[in-house]
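Secondary and tertiary structure notes
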Amino acid sequence: METLSTNKAFGGVQGVYSHDSAETGTEMTFAVYVPPHADGAKLPLLWYLSGLTCTHANVMDKGEYRRLASELGLIVIAPDTSPRGEDVPDHAGYDFGKGAGFYVDATTEIWSVNFRMRSYVETELPALVAKQFPADMKRQGIFGHSMGGHGALTIALRNPDRYKSVSAFAPIVSPLQCPWGEKALGGYLGKDKAAWREYDACALIEDGARVGDILVDQGLADDFLEEQLKPELLVDACDKASIPLTLNQREGYDHSYFFISSFMDDHLRWHAERL
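Quick summary incoming for the structure in this document.

Thresholds, definitions, all that
- Residues numbered from 1 in each chain as written.
- Predicted model: local features only at pLDDT ≥ 70, side-chain atom pairs only at ≥ 80, totals over all residues.
- Heavy atoms only, no water.
- Helix = DSSP H or I, 4+ residues; strand = E, 2+ residues; numbered from the N terminus.
- Rg over C-alpha atoms; globule rule 2.2 N^0.38 Å.
- Buried < 20%, exposed > 50% of the residue type's maximum accessible area, 1.4 Å probe, protein only.
- Contact = heavy atoms within 4.5 Å.
- Areas by Shrake-Rupley, 256 points an atom, 1.4 Å probe, with all protein chains shown as cover.
- Phe/Tyr/Trp six-rings, centres within 6.5 Å; stacked < 30°, edge-to-face > 60°.
- Pairing = 2+ DSSP bridges.

Quick notes on the overall build of the chain
A count of helical and extended segments in the chain gives nine helices and nine strands. Taking 275 residues into account, the globule formula puts the C-alpha radius of gyration at 19 Å, and the chain, at 17 Å, falls close to it. Overall, the chain is about 50 × 40 × 35 Å in size when its C-alpha atoms are taken along their principal axes. When each of the 275 residues of the chain is scored for burial, the buried share is 60%. Here the analysis covers contacts within the chain between residues at least 6 apart in sequence; of these, 72% occur between residues at least 24 apart. About 11200 Å² of surface is accessible on the chain, with carbon and sulfur atoms providing 47% of the total.

Next comes the structure, spelled out in C-alpha cells:
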C-alpha cells in the first residue's frame, strides 16, 4: 500500500492510498478518514460507496463527514467506483465502464477481467484495511449514493452478519427495473436476468435476504427519481418482508452532494448507534 496524501482534520487524519489489486488487475485508489483515538484502540468502520462517474474524491471533498466522524469515533472509507487505467476497457457513455462498475463481478467477455468490484469491496479491500488501519472488523456499516446506494444495499443484504448497519442516499433500488440497471447488468452479466437478482436489492429481499433495518434519504427534486431510482419499489419489498425502512423524502433536494452533505450527519448517527 502506498500513501498518496495525508491531511489532519478535526483531530484525525484524512488519507488517500493506492495498492495493486489482484481482483481488478489494476492499481486502485481509496480514501480513509481515521478519527482521533487512543493508542491500541479499534474503531468501528463505515464504508461509503460512490455513484456514477465518481471516485473516492467526491465524498472526501464534498461529503462533510469528518467533523462528526471524529466526534463519533468512526473510520470512514471510500473506495473508487471502478478499475481504471489505459488497458481497462471502457464505454463512451457515463453509465457503463470506467466510473460505473456497479459493484458487480462481471462475467461477460472483456469486462470480466477487470470489473470485479464486488469481490474488491467485499473481500480484497477489507483484508487490506484490517492489516493497515485500527479498524474493528466486527463493527462494520455501509452506505452510499445512487449507484453506490445500490452497492451498499446489495452488499449488506448478501452479508448481513458482516455489516451491522446500512443506509443510502437516492439509491438505485432495483436495477432490474430501470434503464441504468438494464444497461449495466446486461453488459456486465449477460442477458440471463436470473443472474442479475443478486445485484438487485428488491430481488434479494424477495428471495429471502434480510437486514435489521434500512435508512434511505431521497430528494423529491431529483431528476432521476421516477425513471431510475423508484424508491416505492423498496418500500413495497420491505413491507412484504417486514424489514423496517425509514424513507425520508426531502422536498426540494436534488441528486447532488448539496443533498448528500445536508443529511450526512443523520446517516453517521444512524450507523454509530448500530455499531
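Once you've had a look at it, read on.
Some thoughts on unusual backbone geometry
Phi angles above zero are rare outside glycine, and F10 is one such case at about 50 degrees. Relative to the helices and strands, F10 resides in the loop between β1 (2–9) and β2 (12–20). Since its relative accessible area comes to 53%, F10 is described here as exposed. The phi dihedral of S146 falls on the positive side, at around 60 degrees, and the residue is not glycine. The residue S146 is located in the loop between β6 (135–145) and α4 (147–158) in this model.

Structural notes on the packing of aromatic side chains
Overall, the coordinates contain 15 aromatic pairs when judged by the stated rule. An angle of 70 degrees between the planes, with centres 6.4 Å apart, marks the rings of Y33 and Y65 as edge-to-face. Of the two residues, Y33 sits in strand β3 (residues 27–34) while Y65 sits in the loop between α1 (56–62) and α2 (66–72), which places them 32 residues apart along the sequence. Taking relative accessible area as the criterion, Y33 reaches 0% and is therefore assigned buried. Relative to F259, the ring of F169 has its centre 6.0 Å away and its plane inclined at 85 degrees; by these criteria the two rings are edge-to-face.

Examining the pairing of strand β8 (residues 214–219)
Summarising burial for β8: six of the six residues are buried, a large majority. Bridging between strand β7 (residues 163–169) and β8 involves three bridges; their strand directions are parallel. Note on β8: the bridge partner recorded for A168 is V216. With six bridges joining them, β8 and strand β9 (residues 245–250) adopt parallel strand pairing. Within β9, the position partnered with L215 by the bridge is T246.

Bear in mind that shape data such as this cannot, by itself, settle questions of function.
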